[in-house]
Amino acid sequence: MERARPKDNSAVQQTADTRSHRPDLTIATEGEFAGWRTWTRDTFESHNGPFWHRIDDDGRVRCAFRVEKKHLNGMKAVHGGCFMTFADYCLFAIATRELDGPGVTVAFGAEFLDAAFEGELIEAFGEVTRAGKSLIFVRGMLKSGDRPLFTFSGTIKRVKRKVPATEVADSH
């Protein structure tokens, strides 16, 4: 599935998802990824993406991005760091139901299988293999069509929100 995409993201308007406890979760209202979600809090991912995710009818999380010139290395293939950044984004999208709060990546492993090029749609699917009290284990694969490109696995550590001293003092 190769479709033309605007050169910039101006045609993809995003609005805050008011149904969520995540004010940085936005939903595209136009363009190729209309109805897909992204997070805007992580400026590194926002700058390197845009990366998108949605929950399909079968309950599986699907992530995707369209390869642009900025994603390419000197050989005109997707840069390995781009695949790794996207896969890290995917860890959190895939684990979103189990995570239900902030977390950090504490382990990440990957295998590069094939190259991808400008214009290709890169999709990711995966699964949570185990979710404990503090750690969530995830694995997945990036593909272009039926062609496997990259496999990954990672561990997310749940992070407890630190309450500022002013909130503690005011709560008594």
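Worth saying up front: this structure is predicted, and the values here are computed from it rather than measured.

Cut-offs applied
- Residues numbered from 1 in each chain as written.
- Predicted model: local features only at pLDDT ≥ 70, side-chain atom pairs only at ≥ 80, totals over all residues.
- Heavy atoms only, no water.
- Helix = DSSP H or I, 4+ residues; strand = E, 2+ residues; numbered from the N terminus.
- Expected span 1.5 Å × (residues − 1).
- Buried < 20%, exposed > 50% of the residue type's maximum accessible area, 1.4 Å probe, protein only.
- Phe/Tyr/Trp six-rings, centres within 6.5 Å; stacked < 30°, edge-to-face > 60°.
- Pairing = 2+ DSSP bridges.
- Salt bridge = Lys/Arg side-chain N within 4 Å of Asp/Glu carboxyl O.

Caption draft 1: Spatial organisation of helix α2 (residues 80-94). Its 15 residues place the ends of α2 21 Å apart at the C-alpha level, agreeing with the 21 Å of an ideal helix rising 1.5 Å per residue. Along α2, eleven of the 15 residues are buried, which leaves the element largely enclosed by surrounding structure. Looking only at α2, the buried set comprises Cys 82, Phe 83, Thr 85, Phe 86, Ala 87, Tyr 89, Cys 90, Leu 91, Phe 92, Ala 93 and Ile 94.

Caption draft 2: Summary view of the packing of aromatic side chains. Tallying each qualifying case throughout the model produces nine aromatic pairs. Note on Phe 65 and Phe 86: the rings are 4.8 Å apart at their centroids and 65° apart in plane angle, and the pair reads as edge-to-face. Of this pair, Phe 65 sits in strand β5 (residues 61-66) while Phe 86 sits in helix α2, and the two are 21 residues apart along the sequence. Phe 65 sits in the buried class, given a relative accessible area of 0%. A residue is classified by how much of its surface remains accessible, and Phe 86, at 0% relative accessible area, is buried. For the pair Phe 112 and Phe 150, a centre-to-centre distance of 5.0 Å together with 75° between the ring planes defines the contact as edge-to-face. One end of the pair, Phe 112, is in strand β6 (residues 103-112); the other, Phe 150, is in strand β9 (residues 147-158), and 38 residues separate them in sequence. When its relative accessible area of 0% is taken as the criterion, Phe 150 is described as buried.

Caption draft 3: Focus on the pairing of strand β7 (residues 121-131). Note: β5 against β7, five bridges, orientation antiparallel. If you follow Phe 65 over to β7, its bridge partner there is Ile 122. Sheet analysis places β7 next to strand β8 (residues 135-144), joined by eight bridges and oriented antiparallel. Each bridged residue has a counterpart across the sheet, and for Val 128 the counterpart in β8 is Val 138. Between β7 and β8, which pair antiparallel one after the other, the connecting turn spans three residues.

Caption draft 4: Structural view of the pattern of salt bridges. All chains considered together, the criterion is met by eight salt bridges. Residue Glu 32 is joined to Arg 66 by a salt bridge in which the shortest nitrogen-to-oxygen separation is 2.4 Å. Here the residue Glu 32 occupies a position in the loop between β2 (25-28) and β3 (37-39), and Arg 66 occupies one in strand β5, the gap between them amounting to 34 residues. In this structure, the salt-bridge partner of Asp 56 is Arg 62, at a minimum N-O distance of 3.2 Å. The exposure class of Asp 56 is buried, given its relative accessible area of 14%.

Caption draft 5: Main features of the pairing of strand β4 (residues 52-55). Inspection of the sheet shows β4 paired to β5 by four bridges, in the antiparallel sense. Looking at β5, one finds that Ile 55 is bridged to Val 61.

Caption draft 6: Highlighting the environment of Thr 40. Turning to its location among the elements, Thr 40 is positioned in the loop between β3 and α1 (43-48). Considering only alpha carbons, one finds Thr 40 and Thr 26, 14 residues apart in sequence, at a separation of 7.3 Å.

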